[in-house]
Amino acid sequence: MHYDVVVVGAGIAGPILARNVAKQGYSVLVIDKKAEIGSPKRCGEGLGIGTFEKYDIPYDKRFINREIYGAAIYSPNGHKLELRYNKASGVILERKIFDKMLAYYAAKAGADVMAKTEAIGLIRRNGKIVGLKAKHEGETLEINADIIVAADGVESRIARWAGINSFLPPHELDSAYEYEMILKDFEFDPDLIHLYFGNEVAPRGYVWIFPKDEDRANVGIGINGDNPNTAKYYLEKWLKENNIKGTKILEVNVGGVPVGGFLKELTKENVVVVGDAARQVNPMHGGGMAEAMEAATIASKWIVKALEEENLELLENYTTEWWTNDGERLMKVLKIRQISEKLSDDELDAAVQALSGADAEKLAAGDYKEVFKALIKHPKVLLKPRMLKLLREAL
Ligand SMILES: Cc1cc2nc3c(=O)[nH]c(=O)nc-3n(C[C@H](O)[C@H](O)[C@H](O)COP(=O)(O)OP(=O)(O)OC[C@H]3O[C@@H](n4cnc5c(N)ncnc54)[C@H](O)[C@@H]3O)c2cc1C
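Remember, predicted model here, so these are calculated numbers, not experimental data.

A. Just the overall build of the protein, in detail. The helix and strand inventory of the protein stands at 12 helices and 18 strands. Here the C-alpha atoms of the protein give a radius of gyration of 22 Å, agreeing with the 21 Å that 2.2 N^0.38 yields for 395 residues. Principal-axis analysis of the C-alpha atoms gives the protein an extent of 65 × 45 × 40 Å. The buried share among the 395 residues of the protein stands at 54%.

So this is what it looks like as structure tokens:
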């Protein structure tokens, strides 16, 4: 079996990359170890509305549970900062359907797709990587390919097999735990996502409520991976403190989110790494779907060029382009996260209170000048050394 490109992983990055390359007439195979693509999911399923148009994904009601109009942020002592738009700013997906449909779009563009097929090693001939071995229904397949794409998520092994240093220390990983549940007797606005902060609530992270219905939501938490307590412990504690009974749980999701930085080397020889496998996740909020789509878009452009010009060295341009644009932006976000994770509960309270008066739309768009304008009216908050450090990084 020979393909121009074999893609390991049919999550977000894999199928988008496969679709883009197959559209240009190249032969592409996508494999995923899951028997059903998309299931089980490990995700809060929140995605910005702009991604559909940007990455040419149909806005299909089959995978959209609910449109979202903004966010409510809660400080440790209960101050609320509401960022509300008058039009939908995001959606809560049904990823089990979304991932499967992304694989369907790749297949419609010409790619072959094989579920229940697990990559188990690379094939080298005369020192060169020429394909991979995969297990399918107990059978070992040899898949030869000019280019191999590691879109195999946070537990990626392909990059390591290719010789890329992908060691991930526990501190650089967030542990996430989530219930899809019925929220009975708990008031929440189902048009907003709700984020709860505090060092006792979720160290380094937050508790989220991502509504899928008026009374059904993904309720999850992310915390630092080297915490002596588990994410489940903190989520259960938060539910108890908020008198939420965990008696109507429809799904349990557990997973790791790489939030400590990005792979330096995104390609090695003819191997290309995208998405969580390359740790291309926003280190502030842990969202990785949009970042995976962006990386897949850049990588697919250079894969097509490399195939057109029969020059695999062109693949390195993916590393350069990603680092110049997204890498630099996300490194700045990482620095801000590293400072903000040290804020005390009092500082968090003061900041949320101070920001309540700011222009919500500008804040939601990440306009740090608006943050500064709001904080300057509260010199006691602004002049805290950590707050100044944070603004220095942001502005
Ligand atoms: C609890 C939780 C909540 C999250 N919430 C959000 C959110 O609300 N919004 C957001 O944007 N992001 C969220 N994320 C992050 C988001 O899920 C990931 O960033 C995103 O899925 C990355 O896409 P990907 O294609 O890189 O990898 P994945 O979606 O993880 O896909 C990788 C695929 O590779 C397959 N695979 C792995 N190894 C092999 C192998 N050897 N052979 C064959 N197949 C293989 C897997 O089965 C999987 O299907 C969350 C993560 C967690 C854990």
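B. Examining the sheet that holds strand 12 (residues 173-182) more closely. Strand order in the open sheet formed by 7 strands is 6-5-13-14-15-12-16, and the pairing between neighbours is mixed. Across the chains shown, the open sheet's two edge strands, defined by having one partner strand only, are strand 6 (80-84) and strand 16 (249-258). Geometrically, the sheet is characterised by an average inter-axis angle of 15° between neighbouring strands, direction not taken into account. As judged from the 3 bridges shared by strand 13 (residues 193-196) and strand 14 (residues 206-211), these two strands associate in the antiparallel manner. For His194, the partnering residue across the bridge sits in strand 14 and is Ile209.

C. The packing of helix 1 (residues 13-23) against helix 3 (residues 95-108), seen in detail. Running from N to C, helix 1 and helix 3 point in directions that differ by 15°, and their axes come no closer than 8 Å. One finds that helix 1 runs roughly parallel with respect to helix 3. In terms of crossing hand, the pair formed by helix 1 and helix 3 is left-handed. On helix 3, the residues that touch Pro15, Ile16, Ala18, Arg19 and Ala22 of helix 1 are Leu102, Ala103, Tyr105 and Ala106. The class makeup of the residues in the contact of helix 1 with helix 3 is 8 nonpolar, no polar and 1 charged.

D. Region of interest: the pairing of strand 14. Summarising burial for strand 14: 6 of the 6 residues are buried, a large majority. Of the two faces of strand 14, the one lined by Tyr206, Trp208 and Phe210 and the one lined by Val207, Ile209 and Pro211 are each fully buried. In this sheet, strand 15 (residues 216-224) lies alongside strand 14 in antiparallel orientation, the contact comprising 6 bridges. Paired with Ile209 across the two strands is Val219, which belongs to strand 15. With antiparallel pairing between neighbouring strands as the criterion, strand 14 and strand 15 make up a hairpin whose turn holds 4 residues.

E. Looking closely at the packing of aromatic side chains. Scanning all chains against the criterion turns up 15 aromatic pairs. Residues Tyr74 and Tyr196 carry aromatic rings whose centres are separated by 4.2 Å and whose planes lie at 5° to one another, so their mutual orientation is stacked. Taken together, the residues Tyr74 in strand 5 (residues 70-74) and Tyr196 in strand 13 connect sequence positions 122 residues apart. One aromatic cluster is present, built from ring pairs that chain together Phe52, Tyr59, Phe63 and Phe98. The ring of Trp302 carries Lys305 above its face, with NZ or CZ at 5.4 Å from the centroid.

F. Focus on the side chain of Ser166. By the secondary structure assignment, Ser166 is in the loop between helix 4 (158-161) and strand 12. The contact partners of Ser166, leaving out residues within four places of it in the chain, are Ala159, Arg160, Leu263 and Arg279.

Rules of the game
- Residues numbered from 1 in each chain as written.
- Predicted model: local features only at pLDDT ≥ 70, side-chain atom pairs only at ≥ 80, totals over all residues.
- Heavy atoms only, no water.
- Helix = DSSP H or I, 4+ residues; strand = E, 2+ residues; numbered from the N terminus.
- Rg over C-alpha atoms; globule rule 2.2 N^0.38 Å.
- Buried < 20%, exposed > 50% of the residue type's maximum accessible area, 1.4 Å probe, protein only.
- Pairing = 2+ DSSP bridges.
- Axes fitted to C-alpha atoms, helices over the stretch in contact; angles between N-to-C directions.
- Parallel < 35°, antiparallel > 145°, perpendicular 65-115°, else oblique.
- Left-handed = near helix turned anticlockwise from the far one by under 90°.
- Contact = heavy atoms within 4.5 Å.
- Nonpolar A, V, L, I, M, F, W, Y, C, P; charged D, E, K, R; others polar.
- Phe/Tyr/Trp six-rings, centres within 6.5 Å; stacked < 30°, edge-to-face > 60°.
- Lys NZ or Arg CZ within 6 Å of the ring centre and 35° of its normal.

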